[in-house]
Amino acid sequence: MADVTIDSESGFCFGVVNAIQSAERELNQIPELYCLGDLVHNTLEMERLKSLGLRTIGHEELVNIRNSTVLLRAHGEPPSTYQLAHQNNIKIIDATCPVVLRLQHRIHHCYNDNKDSQIQLIIYGKKGHAEVNGLVGQTNGSAIVIENPGDLENIDFAKDIMLFSQTTRSLDGFRKIVDAIDHRITPGVRFQYFDTICRQAANRLPQIQQFASCHDRIYFVAGEKSSNGKMLYEECKKANPNTVFITHSSEIDAPLPSGIKTIGVCGATSTPKWLMEDVAERLKNIFLSTCLD
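Computed from a predicted structure; not experimentally measured.

The rules behind the values
- Residues numbered from 1 in each chain as written.
- Predicted model: local features only at pLDDT ≥ 70, side-chain atom pairs only at ≥ 80, totals over all residues.
- Heavy atoms only, no water.
- Helix = DSSP H or I, 4+ residues; strand = E, 2+ residues; numbered from the N terminus.
- Polar contact = N/O pair within 3.5 Å; in protein donor to acceptor, adjacent residues only side chain to side chain.
- Axes fitted to C-alpha atoms, helices over the stretch in contact; angles between N-to-C directions.
- Parallel < 35°, antiparallel > 145°, perpendicular 65-115°, else oblique.
- Left-handed = near helix turned anticlockwise from the far one by under 90°.
- Contact = heavy atoms within 4.5 Å.
- Nonpolar A, V, L, I, M, F, W, Y, C, P; charged D, E, K, R; others polar.
- Core = buried A, V, L, I, M, F, W, Y, C linked by side-chain atoms within 4.5 Å.
- Buried < 20%, exposed > 50% of the residue type's maximum accessible area, 1.4 Å probe, protein only.
- Phe/Tyr/Trp six-rings, centres within 6.5 Å; stacked < 30°, edge-to-face > 60°.
- Lys NZ or Arg CZ within 6 Å of the ring centre and 35° of its normal.
- Pairing = 2+ DSSP bridges.

Participant: When you look at the side chain of S226 in this model, what are you seeing that I'm missing?
Facilitator: Within the secondary structure, S226 is located in the loop between β10 (217–221) and α10 (227–239). Among the polar contacts listed, one links the side chain of S226 to the backbone nitrogen of G229, at a separation of 2.8 Å.

Participant: Would you take a moment to explain the packing of helix α5 (residues 98–114) against helix α6 (residues 130–137) for this structure?
Facilitator: Each packed pair of helices is defined by two parameters, the angle between the axes and the distance between the axes. Close contact between α5 and α6 brings their axes to 8 Å; oriented N to C, the two are set at 30°. Taken together, the axis directions place α5 and α6 in an arrangement best described as roughly parallel. Here the hand of the crossing between α5 and α6 comes out right-handed. Taking contact as the criterion, the partners of V100, L103, Q104 and I107 in α5 are, on α6, E131, G134 and L135. When grouped by side-chain class, the residues that make up the contact of α5 with α6 number 4 nonpolar, 2 polar and 1 charged.

Participant: So what exactly am I meant to see when it comes to the nonpolar core here?
Facilitator: As a rule of thumb, soluble globular proteins bury nonpolar side chains together. In this structure, I155, I161, L163 and I181 are the most contacted members of the largest nonpolar core, which totals 18 residues. Sorting the residues of this core by element identifies β6 (120–124), β8 (161–165) and α7 (171–184) as the ones contributing at least two each. A total of 5 residues in this core trace back to one element, the largest contributor, which is α7. Once residues lying within four places of it in the same chain are set aside, the contact partners of I155 are Q120, I122, I146, I161 and I181. V4, Y219, L256 and M276 belong to the second-largest nonpolar core, a separate cluster that totals 17 residues.

Participant: Explain the packing of aromatic side chains to me, please; I cannot follow it from the model alone.
Facilitator: Aromatic ring pairs are described here by two measures, namely the spacing of the ring centres and the angle between the planes. Per the stated rule, a full pass over the model turns up 7 aromatic pairs. Plain terms: the ring middles of Y124 and F174 are 6.3 Å apart, the flat faces sit at 40° to each other, and that makes the pair tilted. Of this pair, Y124 sits in strand β6 while F174 is found in helix α7, placing the two residues 50 residues apart along the sequence. Residue class for F174 comes out buried when judged on its relative accessible area of 4%. Between the aromatic rings of F164 and F194, the centroid separation amounts to 4.9 Å while the plane-to-plane angle is 20°, which identifies the pairing as stacked. Of this pair, F164 sits in strand β8 while F194 is found in the loop between β9 (191–193) and α8 (199–202), placing the two residues 30 residues apart along the sequence. Residue F194 is classed as buried on the basis of its relative accessible area of 18%. Chaining the aromatic ring pairs together yields one cluster made of Y124, F174, F191 and Y193. Across the ring face of Y124, the terminal group of R169 is positioned such that the distance to the ring centre comes to 4.8 Å.

Participant: Teacher, can you tell me more about the sheet that holds β10 here?
Facilitator: Whenever strands of a sheet pair, they do so through backbone hydrogen bonds, lying parallel or antiparallel. Within the open sheet, the 4 strands sit side by side as β1-β12-β10-β11. Their pairing is parallel. Two strands in the sheet have a free side with no partner beyond their single neighbour: β1 (3–6) and β11 (243–246). The sheet shows a mean angle of 20° between the axes of neighbouring strands, direction not considered. Sheet topology note: the β10/β11 ladder contains 4 bridges and is parallel.

Have a look at this one:
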């Protein structure tokens, strides 16, 4: 029977844990709680929270909600969301990740201190991502979002630049953007950059690469909408070509390939531990039934 191991470092980051606990705590007091956007990018966990009374809404629905309670997820929100909540007499349960909140405040202060100058505030992040939208909101919409080196054409290299990063971007990607700007900026122009990447998220990359390389086969568990899951899965695949992406234990086909002695189960920062435990249990049952046959 093969050895099945769950990666101890996989699963919710502390920001997601805090958001889920905030939702569960509030739902112990009230029958229904609105959440602005998916609390976590995992369908099964969202179904569990929905059964407790969590209702997911979008910004377009928030406009028509009044005298209710709304939870803000770990990604954070722009100032306009808080203003609307105040106008509509909405009670806010703010579960913004502390790392994201500190970054919001930092960008907001930089914007206020430099808005009368020509300094360009640049955010390295995924365009349209909830966290990035919240960060851009701290600059009254003036920040420039850089997702990859191709977006650098949107920068004026003859003007001063201040660069920040979305908290969940890769360190390697951030360093490449810094080097690219350094090589293109006009001599004498000021370029300041700030590594604002969450170390819990950044450290997942080398950790999961090491875990993947130590097993014959890997089952990577994540929601299909998780950008973090897609990135970590690709890194797992590089470290171990025998890596399989699944969203649920029912997707594991039996029998398993022969000759496997060790199997690793891991996931994204949006993957609940209970789901990885289900996958591990399913694998053990498959091996057990194979032995009995």
